[in-house]
Amino acid sequence: MSVSQTGGASAALRQVVGSSRPVSWINTAYPFAAAYLLAGGGVDVALLVGTLYFLVPYNLLMYGINDVFDFESDLRNPRKGGIEGIVLARRWHRVTLWSAVLSNLPFLLALLLMGTATSALVLAVSVFAVVAYSAPGLRFKERPVLDSATSATHFVSPAVFGLALAGAAPTGAAVAAMVAFFLWGMASQAFGAVQDVVADRSAGIGSIATWLGAARTVRLAMALYVLAGVVVLGTGFPGALAGLLVVPYVLSVAPYRSLPDEDCERANGGWRRFLWLNMVTGFLLTQLFIWIALRG
């Protein structure tokens with residue numbers, strides 16, 4: 001292999017991996033693994049395969065499709081190029097799409113064979129939501145409210161799949177936890193859309209934030225966070241303690257509750273805090289899960 005070929009392969013790998021958003025891998029793998037274990041699943045092949053799938057291939061499918069079909073808008077987005085995502089060079093679009101498909105297929109086949117009809121249905125909904133968010137002809141990300149709901153599905157469905165794969169019964173506590181997680185996901189996506197109100201409107205792109213405006217979207221996000229905290233109380237003690245974890249999110253977005261649309265980019269500060277808050281929240285949830293497991 002020549003030096004130029006080696007360099008090309010290295011560049012392609014960097015772009016494909018970068019497109020999968022490594023900083024966000026844990027956000028989908030962790031919900032699956034935690035739900036599977038808490039539902040009675042063991043440290044087995046299903047846990048390993050599912051965690052690896054939701055760690056990398058799932059994220060490559062989700063964000064890779066997004067980077068390919070959002071290329072033109074990403075070029076004009078000053079947030080792209082760092083922790084919030086790369087601008088995927090046009091020459092690597094086909095490679096990224098093929099990498100996403102080919103890396104997903106063996107994992108999906110294995111998970112379908114290891115699961116049940118119920119887990120297969122959940123997995124189908126999960127993958128559909130990932131594709132529908134950005135793919136041409138569907139573009140759920142441009143449909144106000146549906147954009148937030150679809151994004152929330154991206155992160156909740158791995159947990160629901162973990163429960164289904166472990167054969168867990170839909171208890172009241174489990175349903176409350178998933179609904180709270182879904183509301184949290186909607187709030188987070190809505191707030192994330194605030195910083196792009198001006199850019200999206202100028203590009204003719206719809207979102208929950210372009211529809212409601214910056215200030216009202218922030219207030220909606222705050223309300224959804226609070227509602228998520230209330231709903232999680234339905235899990236009972238000690239799971240209900242997770243309701244306290246929404247407080248930092250509410251406090252983090254509250255300064256933007258009267259943000260004028262023309263100053264929407266100021267919300268990027270809150271969004272960056274959100275990315276780091278997720279790390280702290282994940283750590284605290286882990287401690288709570290360990291406590292729950294030891295009590296059980």
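Residues numbered from 1 in each chain as written. Predicted model: local features only at pLDDT ≥ 70, side-chain atom pairs only at ≥ 80, totals over all residues. Heavy atoms only, no water.

**Section: the overall build of the protein**
Across its full length, the protein holds 14 helices and 0 strands. Ordered by position from the N terminus, the helices and strands of the protein form the series α-α-α-α-α-α-α-α-α-α-α-α-α-α. For the protein, the C-alpha radius of gyration of 19 Å lies close to 19 Å, the compact-globule estimate for 296 residues. Seen along its three principal axes, the alpha-carbon backbone of the protein occupies a region of about 55 × 55 × 30 Å. (Helix = DSSP H or I, 4+ residues; strand = E, 2+ residues; numbered from the N terminus. Rg over C-alpha atoms; globule rule 2.2 N^0.38 Å.)

**Concerning the confidence of the model for the protein**
When pLDDT is averaged across the protein, the result is 91; 92% of the residues are at 70 or more. Note on residues 1-5: pLDDT under 50 across the span, and 1 contact to partners over four residues away in sequence or across chains. (pLDDT = per-residue confidence, 0-100. Contact = heavy atoms within 4.5 Å.)

**Regarding the packing of aromatic side chains**
Tallied over the entire structure, the rule returns 18 aromatic pairs. Look at Phe-191 and Tyr-256: their rings are 5.8 Å apart centre to centre, the planes differ by 50 degrees, and that puts the pair in the tilted class. Here Phe-191 is found in helix 9 (residues 172-194), whereas its partner Tyr-256 is found in the loop between helix 13 (247-253) and helix 14 (268-295), with 65 residues between them in sequence. An identical accessibility class is assigned to Phe-191 and Tyr-256; each is buried. Ring-pair connections join several aromatic residues into one group, and the members of that group are Phe-32, Tyr-36, Tyr-53, Phe-54, Tyr-58, Phe-107 and Phe-161. (Phe/Tyr/Trp six-rings, centres within 6.5 Å; stacked < 30°, edge-to-face > 60°. Buried < 20%, exposed > 50% of the residue type's maximum accessible area, 1.4 Å probe, protein only.)

**Quick notes on the layout of surface pockets**
In this structure, the second largest pocket occupies an estimated 210 Å³ of space. The wall of the second largest pocket is formed by Thr-118, Val-122, Val-160, Leu-163, Ala-164, Ala-168, Ala-169, Pro-170, Ala-174, Val-175 and Met-178. At the level of elements, helix 7 (117-134), helix 8 (146-165) and helix 9 are the ones that each hand at least two residues to the lining of the second largest pocket. (1 Å grid on protein atoms, 1.4 Å probe; cavity = no way out; pocket = protein on both sides within 12 Å on 5 of 7 lines; lining within 4 Å. Points joined across faces, edges and corners; volume = space filled by probe spheres on them.)

**A word on a nonpolar patch on the surface**
Residues Val-23, Ile-26, Trp-276, Met-279, Val-280, Phe-283 and Leu-284 make up a contiguous nonpolar surface patch of roughly 660 Å² in combined accessible area. Tallying contributions element by element places helix 14 first for the nonpolar patch, with 5 residues. Within the secondary structure, Leu-284 is located in helix 14. For Leu-284, a relative accessible area of 39% gives the class partly exposed. (Patch = residues over 30% accessible without salt bridge, like charges linked within 9 Å, V, L, I, M, F, W, Y side chains within 5 Å. Areas by Shrake-Rupley, 256 points an atom, 1.4 Å probe, with all protein chains shown as cover. Salt bridge = Lys/Arg side-chain N within 4 Å of Asp/Glu carboxyl O.)

**Considering the nonpolar core**
Grouped together as the largest cluster of nonpolar side chains are 71 residues, with contacts concentrated most on Phe-32, Tyr-53, Phe-54, Phe-161, Phe-191 and Tyr-225. The element that contributes the greatest number of residues to this core is helix 9, accounting for 11 residues. If near-sequence neighbours (up to four positions away) are discounted, Phe-54 is found in contact with Trp-25, Thr-28, Ala-29, Phe-32, Asn-59, Leu-123, Ser-126, Pro-158 and Phe-161. (Core = buried A, V, L, I, M, F, W, Y, C linked by side-chain atoms within 4.5 Å.)

**A few points about the pattern of salt bridges**
This structure, assessed with the given rule, holds 3 salt bridges. Across the pair Glu-142 and Arg-139 runs a salt bridge whose closest N-O atoms are separated by 2.8 Å. Here Glu-142 falls in the partly exposed class, since its relative accessible area comes to 28%. Residue classification places Arg-139 among the buried residues on the basis of a relative accessible area of 16%.

**Section: the packing of helix 4 (residues 57-69) against helix 6 (residues 93-114)**
Between helix 4 and helix 6, the least distance of the axes is 9 Å, while the angle of their chain directions is 155 degrees. Of the possible angle classes, the one that applies to helix 4 and helix 6 is roughly antiparallel. Relative to helix 6, the crossing made by helix 4 is left-handed. In contact with Pro-57, Tyr-58, Leu-60, Leu-61, Gly-64, Ile-65, Asp-67, Val-68 and Phe-69 of helix 4, helix 6 contributes His-93, Thr-96, Leu-97, Ser-99, Ala-100, Ser-103, Asn-104 and Phe-107. (Axes fitted to C-alpha atoms, helices over the stretch in contact; angles between N-to-C directions. Parallel < 35°, antiparallel > 145°, perpendicular 65-115°, else oblique. Left-handed = near helix turned anticlockwise from the far one by under 90°.)

**Quick notes on the environment of Gly-206**
Along the chain, Gly-206 falls in the loop between helix 10 (197-203) and helix 11 (208-212). Of the residues examined, Gly-206 reaches a relative accessible area of 19% and is grouped as buried. A sequence separation of 84 residues divides Gly-206 from Val-122, and the C-alpha atoms of the two residues are 28 Å apart.

**So, the packing of helix 3 (residues 45-55) against helix 4**
Orientation of helix 3 relative to helix 4, taken along the N-to-C sense of each, is 25 degrees, at an axis distance of 3 Å. The pairing of helix 3 with helix 4 is recorded here as roughly parallel in orientation. Contact with helix 3, carried on its side by Leu-52, Tyr-53, Phe-54 and Leu-55, involves Pro-57, Tyr-58 and Asn-59 of helix 4 and no other residues of that element.

**Examining unusual backbone geometry**
The residue after Phe-237, namely Pro-238, is reached through a cis peptide bond having omega 5 degrees. Position of Pro-238 among the secondary structure elements: in the loop between helix 12 (214-231) and helix 13. Of note in this structure, Arg-21 is not a glycine but carries a positive phi near 55 degrees.

**Structural notes on the side chain of Asp-200**
Mapped onto the elements, Asp-200 comes out in helix 10. One buried charged residue, Asp-200, forms no salt bridge at all, with the nearest opposite charge on Lys-141 at 7.0 Å. (Lys, Arg positive; Asp, Glu negative; His and termini not counted.)

**Focus on the environment of Gly-234**
Note on placement: Gly-234 falls in the loop between helix 12 and helix 13. For Gly-234, a relative accessible area of 48% translates into the label partly exposed. Sequence-wise, Gly-234 and Gly-172 are 62 residues apart; in three dimensions their C-alpha atoms are separated by 7.4 Å. Beyond its immediate chain neighbours, meaning those up to four positions away, Gly-234 contacts Gly-172, Ala-173 and Ala-176.

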